[in-house]
Amino acid sequence: MPENLDLVRSIYANWERGDFTRGDWADPEIEFVFVGGPTPGRSTGVAAMAQAWRTFLECWSQYRAEPEAFRDLDDGRILVLIRGVARGKASGVDVDLRNANVFDISGAKVTRLVLYTDCQQALADLGLKE
């Protein structure tokens, strides 16, 4: 659905600048999942999602998510293949990551967001090819 894609694009407008503070797009009971990476886990609710983001972002002195491709999947899901650009806080090393995010949308709100640190795992979990 085009409106779902527009919603996800609006989220990335902030994330591309490294601004992860906006949460009005999230359902109050959003399921938020990190698959892999330095802070894997699952949480429920906007406050818990915000805390999980803070924990993840504490690993980096800077981090931004640049979308490379959007795929409108079935049943209100959007897959976004992203380039994560970051600098390790402890190491100072610049990293260029290939990640994927899956947004489940219902009623103009994101009800579930799964962040994959491994793009290939996301595609495999969804039964897709790059």
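Here is what the cut-offs are and how they apply
- Residues numbered from 1 in each chain as written.
- Predicted model: local features only at pLDDT ≥ 70, side-chain atom pairs only at ≥ 80, totals over all residues.
- Heavy atoms only, no water.
- pLDDT = per-residue confidence, 0-100.
- Helix = DSSP H or I, 4+ residues; strand = E, 2+ residues; numbered from the N terminus.
- Pairing = 2+ DSSP bridges.
- Axes fitted to C-alpha atoms, helices over the stretch in contact; angles between N-to-C directions.
- Contact = heavy atoms within 4.5 Å.
- Core = buried A, V, L, I, M, F, W, Y, C linked by side-chain atoms within 4.5 Å.
- Buried < 20%, exposed > 50% of the residue type's maximum accessible area, 1.4 Å probe, protein only.

So, about the confidence of the model for the protein. Of all residues in the protein, 98% have pLDDT values of 70 or greater, and the mean over the chain is 90. For the protein, per-element mean pLDDT is lowest for strand S3 (residues 60-72), which scores 88, and highest for strand S6 (residues 109-116), which scores 97.

In this sheet, S6 lies alongside strand S1 (residues 26-35) in parallel orientation, the contact comprising six bridges. Considered in S6, the bridge of phenylalanine 34 is made with leucine 115. Examined bridge by bridge, S1 and strand S2 (residues 41-44) share four bridges and lie antiparallel to one another. What sits directly across from phenylalanine 32, in S2, is serine 43.

Moving on, we come to the sheet that holds S1. An order of S2-S1-S6-S5-S4-S3 is seen for the six strands of this open sheet, with the pairing classed as mixed. Pairing within the sheet leaves two strands with one partner each, and these edge strands are S2 and S3. Sheet twist, expressed as the average angle between the axes of neighbouring strands with direction ignored, equals 20°. Of the strand pairs in this sheet, S3 and strand S4 (residues 77-88) are connected by eleven bridges, and their pairing is antiparallel. Note on S4: the bridge partner recorded for alanine 69 is leucine 81. Contacts between helix H1 (residues 2-15) and the sheet are confined to S3, S4, strand S5 (94-106) and S6, with S5 contributing the most and set at about 145° to the helix.

The next point concerns the nonpolar core. The biggest cluster of nonpolar side chains holds 28 residues, and the ones touching the most others in it are Trp15, Trp25, Trp53, Phe103, Val110 and Leu113. Put simply, the parts of the chain that give this core at least two residues each are H1, S1, helix H2 (46-57), S3, S4, S5 and S6. Among the elements that take part in this core, H1 stands out by supplying six residues, more than any other. Formed by twelve residues, the second largest nonpolar core is a distinct cluster that contains Leu79, Ala100, Tyr116 and Cys119.

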